[in-house]
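Survey of secondary and tertiary structure
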Amino acid sequence: MDAVEDVKSRLSIEDVVGEYVQLKRAGRNYKGLSPFTSENTPSFMVSPEKQIWHDFSSGTGGNMFSFIMEVEGLDFRGALELLARKAGVDLDQYNSGRNKGVAKKKERAYEILETAAKFYQVQFSKNQKALEYILKDRNFSKQTALEFRIGYSPNTGDALVKYLIKSGVTENELKTAGLATKTMNGLGDMFRGRIMIPLSDANGRVVGFTARLLEDLPNSPKYINTAQTILYDKSRNVYGLHLAKESIRKLGYSVLVEGNLDVIASHQAGVKNVVATAGTALTEMQLKTLQRFSSEVRLAFDQDRAGIQAAERSIPIAAKTGVNLSVITISGGKDPDELIRKDPILWTIAIEDKVPAVDWLINLYESQLDLETATGKSQFSNIVMKTIDGLEDNVEKEHYIEKVSKIIGVSKNALMSKVDAGTKKQNYKKTKTTHKLTEDIETVKIQSQLLALAIMVPSLRSELNIVDSSMLIGDDAKIVLDFLKLNPEFSGKPEEMNDLRNVSDYVKMLLLQFETLYHQLDNKELKYEIKILQSRLIEIYVKNQKLILAKEFDSADENKTRSLLEKVKSLDLLLNEIQGE
């Protein structure tokens, strides 16, 4: 038995999913509202018998691991670790060699950091100055301090080191966790005399700390973070995500601020979809992490020059990742924390008054540059057109070119010349991105229903003859299609399932779909259903292929053009074949 099977044997999918979705019995299965889409009628199904879930509203499904990956925004390894902890499975027994050593080091670092967080919390409860700063100066409640596990590091030099070594922690383990440093007097605490704010991963496990000086001292940075460790990566970590992800998914957007204390203040004020970067250096990896929960991000960096520059740098990064970025202007305060302390309502109003990032950039430089002069117009167009050129959507790009044209009184043709060099590249990227956003979900739904019918009703498999695996999305679907084509008499007997053993969960999901959607239909109705699905799948495929070929015509020579025309002709014949039936 491997680690995955061990976890599966100890957990039931209805219990795992039930921690996130309110499930109600529906015959042999359970039903609930999708956690991934906004729906009023339950279409999310869980089959205890098959240990499979399927979300009919989004077309996704799988086993308990794929569910955790979707709902928690984790990769497979992260989902395995989460479920293994829940099941009480020690993953070390399944690791070998170097991987086993790394896994052991990571788990030990988690344990040590958790102990350190508790130590700092106890010290915080005993230190009057720390309590006054958090509860009075910052106006955080005791409940908030406990929820965010705020602590204090004593200024004695080695209080934590002594405590942990006494508990059996080695010097190397302290360094690995990022808690100790070499001093003239030996090994000492990395953090001293500071308010300690634990940094957690998406599952809430402590991976490091942000430390703020309790008393400002000359030549001492106000904030310091844990250095890069086996667990903490500043470029990947998003502060507060474990407490904000449910609200982000529910509201459909995240608010990204600059400081950890801004996050804490916002959560206390009831706005819980707020997270922070480690300073202003927003990275592509952080945006991709947030994108797992929502594609809309609203940026609320401080209103100083550093914050404004950081917001500006974030626009091309967001465009690259496909994140819908907007900017929140904080009027009446230098940062969200100050605004919230003034009046929490002002913070909620500011969030709602967000401005699309490109509009914000245009407004910013329109106010800073003299657009009555040729130099000002040139500087303005150079700055904003560089950003506009990076936009994926041509309609959006056209909109902003026209807007800039009106602002500086220059023709659109003149502005287009600034972005012409990158147009072909961006158009090709747009083609792929747009299709992925608008049609991939529909294709996944169609292909799973098509295969569900074919796998359960042998007489319908002839409708797969015209379907090619290149028309499908995902390896599992392609494997099932190829199998059914090679085995048209497949009856579902165990000895016939060997070729499908690697996609058994996907097959179970198809069976669940058939039971839910089609089991009451007669053969005539089933035949009609599969023909409709087959036609729609091919129509989408032909449309996508034609758009891709159209882009290749731009740079094709005579021979290449002839080849492309033959491909287009083949696609037309394919379309005529299904439409003529």
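Residues numbered from 1 in each chain as written. Predicted model: local features only at pLDDT ≥ 70, side-chain atom pairs only at ≥ 80, totals over all residues. Heavy atoms only, no water.

**Section: the overall build of the chain**
A count of helices and strands for the chain gives 23 helices and 16 strands. C-alpha atoms of the chain, sized along the principal axes, occupy 80 × 70 × 45 Å. For the chain, the share of sequence-separated contacts (at least 6 apart) that also reach a separation of at least 24 residues comes to 64%. Put simply, the chain shows about 29000 Å² of open surface, and 49% of that area lies on carbon and sulfur atoms. (Helix = DSSP H or I, 4+ residues; strand = E, 2+ residues; numbered from the N terminus. Contact = heavy atoms within 4.5 Å. Areas by Shrake-Rupley, 256 points an atom, 1.4 Å probe, with all protein chains shown as cover.)

**Looking at helix α12 (residues 284–291)**
The periodicity of an α-helix, 3.6 residues per turn, causes residues three or four places apart in sequence to face the same way. Those residues of α12 lying buried are Gln-286, Leu-287, Thr-289 and Leu-290. Buried residues of α12 fall within an arc of 155 degrees about the axis and therefore sit on the same side. Structurally, α12 contributes buried residues whose contacts are with α10 (241–251), β12 (254–257), β13 (274–276), β14 (296–300) and α13 (305–321). (Buried < 20%, exposed > 50% of the residue type's maximum accessible area, 1.4 Å probe, protein only. Arc of directions from axis to C-beta.)

**What about the pattern of salt bridges?**
Evaluated as defined, the whole model comprises 32 salt bridges. For the salt bridge of Asp-335 with Lys-334, the shortest nitrogen-to-oxygen distance reads 2.9 Å. Here Lys-403 ties to Asp-359 by a salt bridge, and the two come within 2.6 Å at their closest N and O atoms. Note that Lys-403 is positioned in helix α18 (residues 394–408) and Asp-359 in helix α16 (residues 357–368), a separation of 44 residues in sequence. Salt bridges sharing common partners tie together Arg-28, Glu-49, Lys-50 and Glu-515. (Salt bridge = Lys/Arg side-chain N within 4 Å of Asp/Glu carboxyl O.)

**Focus: the side chain of Asp-337**
One can find Asp-337 in helix α14 (residues 336–342). Setting aside its immediate chain neighbours within four residues, Asp-337 contacts Arg-138, Leu-261, Asp-262 and Ala-265.

**Notes on the sheet that holds strand β3 (residues 44–47)**
Taken in spatial order, the five strands of this open sheet run β1-β2-β3-β4-β5, and their pairing is antiparallel. Since the sheet does not close on itself, it has two edges, and those belong to β1 (24–26) and β5 (60–62), each with one partner. Put simply, the sheet's adjacent strands are angled 20 degrees from each other on average, direction ignored. Relative to β3, strand β2 (residues 29–32) runs antiparallel, the two sharing three bridges. If you follow Lys-31 over to β3, its bridge partner there is Met-45. Here helix α3 (residues 64–72) sits on the sheet and contacts β3, β4 (52–55) and β5; the angle it forms with β4, its principal contact strand, is near 45 degrees. Its contacts with the sheet put helix α21 (residues 504–517) on β2, β3, β4 and β5, and the angle it makes with β4 is roughly 60 degrees. (Pairing = 2+ DSSP bridges. Axes fitted to C-alpha atoms, helices over the stretch in contact; angles between N-to-C directions.)

**Considerations on α10**
Within α10, burial applies to Leu-241, Ala-244, Lys-245, Ser-247, Ile-248 and Arg-249. Elements in contact with the buried residues of α10: α3, β12, α11 (260–268), β13 and α12. Gly-252 lies just past α10 and shows a positive phi near 90 degrees.

**Side note on the sheet that holds strand β11 (residues 223–225)**
As a general point, the strands of a sheet are linked pairwise by backbone hydrogen bonds and lie either parallel or antiparallel. One open sheet holds the four strands; their spatial order is β6-β9-β10-β11, and the pairing between them is antiparallel. Each edge of the open sheet is held by one strand with a lone partner, namely β6 (151–153) and β11. Averaged over all pairs of adjacent strands, the angle between strand axes in this sheet comes to 35 degrees, irrespective of strand direction. Where strand β10 (residues 206–213) lies against β11, three bridges are found, and the strand directions are antiparallel. Among the inter-strand pairings, Ala-211 is bridged to a residue of β11, identified as Ile-224. α11 rests against β9 (194–200), β10 and β11 of the sheet, and its axis sits at about 80 degrees to β9.

**Some thoughts on the side chain of Thr-277**
Structurally, the position occupied by Thr-277 is in the loop between β13 and α12. We classify Thr-277 as buried; its relative accessible area is 2%.

**With respect to the confidence of the model for the chain**
The predicted coordinates ought not to be read in detail in places where the model reports low pLDDT. Looking at the chain, the pLDDT average stands at 86 and 93% of residues meet or exceed 70. Low pLDDT, under 50, characterises residues 424–438; the predicted model gives this stretch 19 contacts beyond four residues in sequence or across chains. (pLDDT = per-residue confidence, 0-100.)

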